[in-house]
Structures are given as C-alpha cells and as structure tokens.
Amino acid sequence: MLDIFDTMNISASGMTAQRFRLDVISNNIANAETTRGENGEPYRRKTVVFSEVLRDALGKSQYNSIEDLNGVEVSRVAEDMRPFKMVYDPSHPDADGEGYVKMPNVNVMREMVDLIGAQRAYEANVSSINATKAFANAALRIGRG
Amino acid sequence: MSDFFSSNFDTLPKALDASALSNTIIAQNLANVETPGYKRKEVDFENYLRKAMGDSDDLRMKTDNTKHISNYPNDISSVKPRVRTVEDTLITNDGNNVDIDREEALLAANTIRYQSLSRLMDMTISGYNTVLRGVT
Amino acid sequence: MAGGVDPINNINSLDPIKRIQKLNREKTEKAGEAAGKTEPDFQKVLDQAIQEVNSQRKASTQARNDFAAGKISNIHDVIITAEKAGISLRMTMEIRNKIVDSYKEIMRMQL
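Visitor: Sorry if this is basic, but what is going on with the overall build of chain A here?
Guide: A tally of helices and strands in chain A yields two helices and four strands. Mapped from its N terminus to its C terminus, chain A presents α and β elements in the order α-β-β-β-β-α. Relative to a compact globule of 145 residues, whose C-alpha radius of gyration would be 15 Å, chain A shows 22 Å and is clearly more extended. Along the three orthogonal principal directions, the C-alpha set of chain A runs to about 80 × 40 × 20 Å. For chain A, the proportion of contacts with a sequence separation of at least 24, taken over those separated by at least 6, is 65%.

Visitor: Could you clarify how one ought to interpret the interface of chain A and chain B in this entry?
Guide: As a measure of interface size, the accessible area lost when the parts come together is often cited. Contact with chain A, which involves 30 residues of that partner, is made by 27 residues of chain B. Going through the elements one at a time, helix H1 (4–30), strand E1 (46–54), strand E2 (69–79) and helix H2 (108–140) of chain A are the ones with two or more residues in the side of chain A that touches chain B. Here the side of chain A that touches chain B gets 12 residues from one element, more than from any other, and that element is H2 of chain A.

Visitor: What is the right way to look at helix H3 (residues 100–131) of chain B in this model?
Guide: Along an α-helix, residues three or four positions apart point the same way, because every turn accommodates 3.6 residues. Its 32 residues give H3 of chain B an end-to-end C-alpha distance of 47 Å, which sits within 8% of 46 Å, the value for a rise of 1.5 Å per residue. Listing the buried residues of H3 of chain B in full gives Leu107, Asn110, Thr111, Tyr114, Leu117, Ser118, Met121, Asp122, Ile125 and Tyr128 of chain B. Those residues of H3 of chain B that are buried are in contact with H2 of chain A, helix H1 (8–31) of chain B together with helix H2 (75–107) of chain C.

Visitor: Sorry if this is basic, but what is going on with the packing of H1 of chain A against H1 of chain B here?
Guide: Axis angle and axis distance: for two packed helices, these are the angle between their axes and the distance between the axes, and together they describe the pair. For the pair H1 of chain A and H1 of chain B, interaxial distance at closest approach is 8 Å and the crossing angle is 10°. When the axes of H1 of chain A and H1 of chain B are compared, the pair comes out roughly parallel. Pair H1 of chain A / H1 of chain B crosses with left-handed handedness. Touching Thr7, Ile10, Ser11, Ser13 and Gly14 of chain A of H1 of chain A are Asn23, Thr24, Ala27, Gln28, Leu30 and Ala31 of chain B, all from H1 of chain B. Partitioned by chemical class, the residues of the contact of H1 of chain A with H1 of chain B number four nonpolar, seven polar and no charged.

Calculation notes
Every chain is numbered on its own, with residues counted from 1 as its sequence reads. Chains carry letters from A onward and ligands carry numbers from 1 onward, assigned in written order. A pLDDT threshold of at least 70 governs which residues receive local features in this predicted model, and a stricter bar of 80 or more applies before side-chain atom pairs are shown or counted, although totals over entire chains, interfaces and linings include all residues. Numbering of helices and strands runs from the N terminus; a helix is a DSSP stretch of H or I covering at least four residues, while a strand is a stretch of E covering at least two. For a compact globule the rule gives 2.2 Å times the number of residues to the power 0.38, and the radius of gyration it is set against comes from C-alpha atoms. Residue pairs are scored as contacts if the distance between their C-beta atoms, which are placed from the backbone, is within 7 Å. A helix is expected to span 1.5 Å multiplied by its residue count minus one. For every residue, the other C-beta atoms within 10 Å of its own C-beta are counted; 20 or more classify it as buried, 12 or fewer as exposed, and values in between as partly exposed. C-beta atoms are placed from the backbone. Under this scheme, a helix contributes an axis fitted over its contacting stretch, all axes are lines through C-alpha atoms, and angles between N-to-C directions fall in the 0 to 180 degree range. The labels follow the angle: roughly parallel below 35 degrees, roughly antiparallel above 145, roughly perpendicular from 65 to 115, and oblique for the rest. Note: crossing handedness is left-handed where the near helix turns anticlockwise from the far helix by less than a right angle, and right-handed where it turns clockwise. In the scheme used here, Gly and all other residues not listed as nonpolar or charged are polar, with Ala, Val, Leu, Ile, Met, Phe, Trp, Tyr, Cys and Pro taken as nonpolar and Asp, Glu, Lys and Arg as charged.

So, in structure tokens, the structure goes:
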C-alpha cells in the first residue's frame, strides 16, 4: 500500500511537471516575436510531453499494483514542427524581398489558454497534497477524544 | 475478549483503508491530468461492503454447493478495496479521460469521508477509554 | 490454605481463641472451595484477557516498528492498533481488579 508520504510524492511530481510546462509556455510567449534564434531561424514553439510514472519492484514500467504508482514526469520537450507564420511587414529588419517576415509559430492566445490550464493543473496537485495532509491530521486525532 | 471490541473495529478501519487508497488514486489521476493516453483509475469498495452487509438490490447468486463460486463476499472480513481503470468516459484528443473538475470534486468528497470515518473511529475508541478511565 | 500441622488445627485445644481461629479457618476453607468452584471461569476469563492483551501489544509493537522503519502504509492503522492494545490492557486490568475484589469479598465473609 502507498503511504501518506508516497502519495504526497505523487502530487509533488504533478506540481513539478506542471511548473516545467509553465516555464515552457512562458518561454514561448516571451519568444513570440523572436525572428532570429540561435540557429538564425525564427523561434520554434515548444511543448512538453507528459508520461505516467510506474515503477515496479524490478524497475520496469508496468502497472501491477498500487505500489507501482509514482505520479508523472515530463518525458520530453517537443518542438512544434508546424510552419512559421508569414507576416507582411516590409519595415521589419528581417523582411524578405517581398516584405514578408518569417515569424515564430507561436499563437499567444493559445499559449495563454495553455498557461491557465497548467496553472489549474498545478493547483489541483496542491489541493491533493493539502488533502493528504488533512488525512494525516485526521488519523493522528484518533483516540484523542 | 475479541467480542469485546464492537463491529466498528472491523468495518471502520477497512473503510479508512479504502478512503486512503482512494486519495492515492486521485493523486495519481490529478498528477496525470494532462498525460496523453492516461485513463483514470477508481477504487471500488463501498458497494462491496454494502453487499457483504446484506444491503443490496442486486440478486445474489445462490450457492448450494460450497464448491460453486459466489460472486459476492459473504463476510465483512474478506471485503477488500479494489483499484479499477476506467476506460469508458469521454476522452480528449490525446486519449486522456481525466475530467479535472470531477476529479477535484471527488478529492473534496473523499477527504470529508476520511475525516468523518476517523472521527467515528475516534468516538468509538474514546467511548472505551472513558469507561476504562481510572483503571491503572 | 494452610498446609502442614500446627497446634491451631487441634480443635480439641482448650484455648477458646484458638478454637475460634480454627472455626474461622474451616469457614474460610469452605468459602475458598466455593470460590474454587467458580475459579475455572475466572481463570479462563483472565487467561483469555491476557492472551488478547499480548496479541494486541505484539501487533502494536510491530506496527510501531514498521512505521518507524518506513514500512507502514497508513497512520490510522498504527494508531488504531495502539489504541486497541491500550484498551485491551486496561480492560484486563479492570477484570483483574474485579476478580481480586470479588475474592477479597468472599474472604471477608464473617461467621
């Protein structure tokens, strides 16, 4: 059986994952106008991929019993390979011959929605940890009268 | 002397176990609220306990021969909480079927449940302690 | 119960005090026998109670050690086990006290 502390670890892993996602989204927003990144190309949107963490006694990733449950982790940061946006802006220093600028494939509105989602998920994990604390406190009061 | 302890000492600890297990399962569901392909899990217990206590609308399979399998537990001591993966709810594009609103509601409800159960256990034990107060 | 021979048992002794003491002793022995007849019940109850206390205490110690070693899953398990051990112990003490009181009561029976 999983105990109080292991349960809190599960929630903590959720918080860590969502915080990481928050950072990636913030980075997308911050670079929404970066036409020239490290490789000379416009900034490419990044996303996080989560995966459930299962650790059985042999360290293999399978679910046999609740002892295997271990929360979540970010398995990788993926690049959004959709095409860059072409925006007509001849005055831009990076405008091409026809006056078009290759802009990052970041949609700020979409990122804001994701940000709120990540916030919500983060807070849900906080609620979970608080609930687990309430469990511990309730149990410790048994027999006190 | 074991009869001295009321049946509360059989049912309440079991219910507490199941509730604690539910809390862990809900934690896993919430941690994986955005995990692609993740299917939420759930704990079955209360319905088993009710059936073991004889309070069920379902028809109980009659067993004439002890070798036949009964589909319901007959006594409370054999009732165990069970974890089940839920496949049949609406899912998002990436195959995840955790509804964060519903899960948070389950979290709140289960927390209250555990607090109530532990309070009942506390009152049961305190009852004995009060009667035995002053016994050295 | 007195064992061995002593002058008090000689009821033919002319000393009245000693005679009364002898009668008292007989009465006590009879009362002791009466208590002895119910003694198996007391004994059994006490034995059972002590067994229960022992098993509760073992469970409680085991639970505490497991929890300290990080093995226990649920706090409520440890606490309920500990409380049950405490209740069993005190219940047994109560039973013992009542038995001793009853025995004393019987022994106090006057002629």
